Amino acid sequence: EAGVAQSPRYKIIEKRQSVAFWCNPISGHATLYWYQQILGQGPKLLIQFQNNGVVDDSQLPKDRFSAERLKGVDSTLKIQPAKLEDSAVYLCASSQTRTGWFLHEQYFGPGTRLTVT
Amino acid sequence: DQQVKQNSPSLSVQEGRISILNCDYTNSMFDYFLWYKKYPAEGPTFLISISSIKDKNEDGRFTVFLNKSAKHLSLHIVPSQPGDSAVYFCAASDPNSGNTPLVFGKGTRLSVIA
């Protein structure tokens, strides 16, 4: 079974430029997450999709970050304009739909390391 | 305010000995806990989990202990192997919240010395 795919793996941009990241989750996984991991910190959830609907975007800086999952499969995360503090690894994860109380594990992609100069 | 805390940024253990990684949490609504392992340039990979109805879960060399009254959990690795060297993240979730976001700690870097 193929894992979560992300691209690009690395990106360097100047502040005020825009950037987009792509994620392809594990086939059949209805739930998709974008996390931001700043150096020395744990991953922090930015946005969660259930199929193509947003479940939680409370920690997404909506003035500059946007994300979509139009067909309920692939997703893109965009930053426009980027700031220095956006330098981080952006992780995409997916999981099966939660059934009852049981929480399905999240499977992570390799991440995109963004450097903003 | 950090809801999940891993107070030891790093830990060194000799090969063959026990590794104990600790995690504390503050949100009493957390009911499900997971440990993830992360190698450099890779995403975190799921290792083991435990729900609050249990106080111990074992999977091969890995055992997670949960002390709900103390809001504390620990991961034991016995025996430790050089391939276990990685960053370990503790994560917690409230499955009753309607969503399933994970709240992560900052991680503990484990080095297993041959």
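All figures in this text were calculated on a predicted structure; none of them were measured in a lab.

## Some thoughts on the state of the cysteines
Thought 1: Under the definition given, this model contains two disulfides over all chains.
Thought 2: For C23 of chain A, the disulfide goes to C92 of chain A, at an S-S distance of 1.9 Å. Between C23 of chain A and C92 of chain A the disulfide shows an S-S torsion of about -70°. By sign, it is left-handed. Highlighted residues: C23 of chain A in strand β3 (residues 19-24) and C92 of chain A in strand β9 (residues 88-95), separated in sequence by 69 residues. Grouping residues by exposure puts C23 of chain A and C92 of chain A together as buried.
Thought 3: One disulfide bridge connects C23 of chain B with C90 of chain B, the sulfur atoms lying 2.0 Å from each other. The S-S bond linking C23 of chain B to C90 of chain B shows a torsion near -75°; that makes this disulfide left-handed. Of this pair, C23 of chain B sits in strand β3 (residues 19-25) while C90 of chain B is found in strand β9 (residues 86-93), placing the two residues 67 residues apart along the sequence.
Thought 4: A residue is classified by how much of its surface remains accessible, and C23 of chain B, at 0% relative accessible area, is buried.
Thought 5: Given the relative accessible area of 0%, C90 of chain B is considered buried.

Cut-offs and rules
Residue positions within a chain follow its written sequence, with the count starting from 1. Here chains are named by letter from A upward and ligands by number from 1 upward, in the order in which they appear as written. Local features are withheld for residues below a pLDDT of 70 in this predicted model, meaning they are given only at 70 or higher, and side-chain atom pairs are given and counted only at 80 or more; totals for whole chains, interfaces and linings count all residues. Side-chain measures were taken over the full set of non-hydrogen atoms in the model, leaving aside hydrogen atoms and water. Note on disulfides: each one is a pair of cysteine sulfur atoms within 2.5 Å. Numbering of helices and strands runs from the N terminus, with a helix taken as a DSSP run of H or I at least four residues long and a strand as a DSSP run of E at least two residues long. Remark: exposure states derive from per-residue accessible area (1.4 Å probe, protein chains only) relative to the maximum for the residue type, with buried under 20%, exposed over 50%, and partly exposed in between.

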